[in-house]
Protein chains: 2
Amino acid sequence: MTYEKKIPLRKDCGLHLFKELLNGKWKLMLIYYISTGLKRPGELQRKIGTADRRVLANQLSELVLHGFVSKVIYDTKVPKVEYELTDLGKSLLPVILNLEAWGESNRDVLEKALPV
Amino acid sequence: MTYEKKIPLRKDCGLHLFKELLNGKWKLMLIYYISTGLKRPGELQRKIGTADRRVLANQLSELVLHGFVSKVIYDTKVPKVEYELTDLGKSLLPVILNLEAWGESNRDVLEKALPV
DNA sequence: GCAAGTACGCATAAATTAATCCCTATAAGG
DNA sequence: CCTTATAGGGATTAATTTATGCGTACTTGC
């Protein structure tokens, strides 16, 4: 997580801005699930299932760092944390839905293209 | 390029279908430029500039393999190759434009989020 | 003949991202 | 007391992706 990149970032176009910040394996999915009301780390982890707890935690912390999500830590006896989307995060929802729709409506062809 | 993945692919949702196939650093950009009429490898390479010839060639060959782009090899004395979008490739253009538009319209915020 | 342009490719190194090992701490339920 | 649940973290390894070193072959223009 404290990794300093050696190859300069590409900011030349919107595509690269998107990619530099949202390339993480679960980031878009996390933003989507948070938008549906799953806010707590445990909930998100159970929902995603195949992803390791720490991987999700890393992706979430980057989303916070980059301003897509904010983290609320409650001061309760039993630890409680909730994530919520910032305006920037919300601005991504149409894009995410568009990507998702493209993938689903081409699922047949895409699955054949995937190895094995 | 002949790399066998060890972690099973995720086909569970449209987002992952998209990601598994189009995660490459220059893939979306290549599809976009091809749609604008840049068809030959040399043209594309000069346009992108910062990307190495071989990296672009790899990404293009994957795009061909996965059915987004087709490759036409002309039988001329001086080698000539052209790429063109398949229907599947064309179906991506609205998505690409949407991503690009999101990135550009949030450029100010996004650039501040990027390290250094 | 020689430089520059077309296009391509194998093998390896480097960079980046994701996954895992082995931990802490508190509280509620039984 | 013990199990399960909450949430977390540093250090390391593995997996994946990108970049590079060093070649091929042919043609056109000077």
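As shown above, the structure is provided for reference.
Residues numbered from 1 in each chain as written. Chains lettered and ligands numbered in written order. Predicted model: local features only at pLDDT ≥ 70, side-chain atom pairs only at ≥ 80, totals over all residues. Heavy atoms only, no water.

### Remarks on helix α6 (residues 93-105) of chain B
Residues and elements named next belong to chain B.
Consideration 1: Compared with an ideal rise of 1.5 Å per residue, which puts 13 residues at 18 Å, α6 spans 18 Å between its outermost C-alpha atoms and is within 8% of the ideal.
Consideration 2: Every buried residue of α6 is listed here: Val95, Ile96, Leu99, Trp102 and Gly103. Down the axis of α6, the sector holding all buried residues measures 130°, keeping them to one side. In α6, the exposed residues that point more than 90 degrees away from the buried face are Pro94 and Ser105. (Helix = DSSP H or I, 4+ residues; strand = E, 2+ residues; numbered from the N terminus. Expected span 1.5 Å × (residues − 1). Buried < 20%, exposed > 50% of the residue type's maximum accessible area, 1.4 Å probe, protein only. Arc of directions from axis to C-beta.)

### Regarding the packing of aromatic side chains
Consideration 1: For the coordinates displayed, the defined rule picks out six aromatic pairs over all chains.
Consideration 2: Seen from their ring centres, Trp102 of chain A and Phe18 of chain B are 5.9 Å apart, and the 90° between their planes marks the pair as edge-to-face. Taken together, the positions of Trp102 of chain A in helix α6 (residues 93-105) and Phe18 of chain B in helix α1 (residues 14-22) put the pair across two chains.
Consideration 3: Its relative accessible area of 5% is what places Trp102 of chain A among the buried residues.
Consideration 4: The interplanar angle of 55° and the centroid separation of 5.6 Å between the aromatic rings of Tyr32 of chain B and Tyr33 of chain B together place this pair among those described as tilted.
Consideration 5: Tyr33 of chain B gets classed as buried once you look at its relative accessible area, which sits at 18%. (Phe/Tyr/Trp six-rings, centres within 6.5 Å; stacked < 30°, edge-to-face > 60°.)

### Details of the packing of helix α2 (residues 27-35) of chain A against helix α3 (residues 41-48) of chain A
Residues and elements named next belong to chain A.
Consideration 1: Two numbers describe how α2 lies on α3: the axes approach to 11 Å, and their chain directions differ by 115°. Every pair of crossing elements has a handedness; the one defined by α2 and α3 is right-handed. On α3, the residues that touch Met29, Leu30, Tyr33 and Ile34 of α2 are Leu44, Lys47 and Ile48.
Consideration 2: Its residues assigned to classes, the contact of α2 with α3 comprises six nonpolar, no polar and one charged. (Axes fitted to C-alpha atoms, helices over the stretch in contact; angles between N-to-C directions. Left-handed = near helix turned anticlockwise from the far one by under 90°. Contact = heavy atoms within 4.5 Å. Nonpolar A, V, L, I, M, F, W, Y, C, P; charged D, E, K, R; others polar.)

### Notes on the interface of chain B and chain A
Consideration 1: With 44 residues of chain B at the contact, the number on the chain A side is 44 residues.
Consideration 2: Between chain B and chain A lies a buried interface of about 4000 Å² when both sides are counted; carbon and sulfur atoms form 71% of it.
Consideration 3: Viewed at the interface, chain A and chain B are joined by zero salt bridges.
Consideration 4: Where chain B packs against chain A, one counts twelve residue pairs in polar contact (both at pLDDT 80 or more).
Consideration 5: Sorting the residues of the side of chain B that touches chain A by element identifies α1, α2 (27-35), α5 (87-91), α6 and α7 (107-113) of chain B as the ones contributing at least two each.
Consideration 6: Among the residues forming the side of chain B that touches chain A, the class breakdown is 25 nonpolar, nine polar and ten charged. (Buried area = accessible area lost by both parts, 1.4 Å probe. Salt bridge = Lys/Arg side-chain N within 4 Å of Asp/Glu carboxyl O. Polar contact = N/O pair within 3.5 Å; in protein donor to acceptor, adjacent residues only side chain to side chain.)

### Digging into the packing of α1 of chain B against α2 of chain B
All names here are of chain B.
Consideration 1: It is the contact of α1 with α2, at a shortest axis distance of 10 Å, that shows an interaxial angle of 80°. Here α2 runs roughly perpendicular to α1, going by the angle between their axes. On the side of α1, the interface is formed by Phe18, Leu21 and Leu22, while α2 contributes Lys27, Leu28 and Ile31.
Consideration 2: Among the residues making up the contact of α1 with α2, the classes are represented as five nonpolar, no polar and one charged. (Parallel < 35°, antiparallel > 145°, perpendicular 65-115°, else oblique.)

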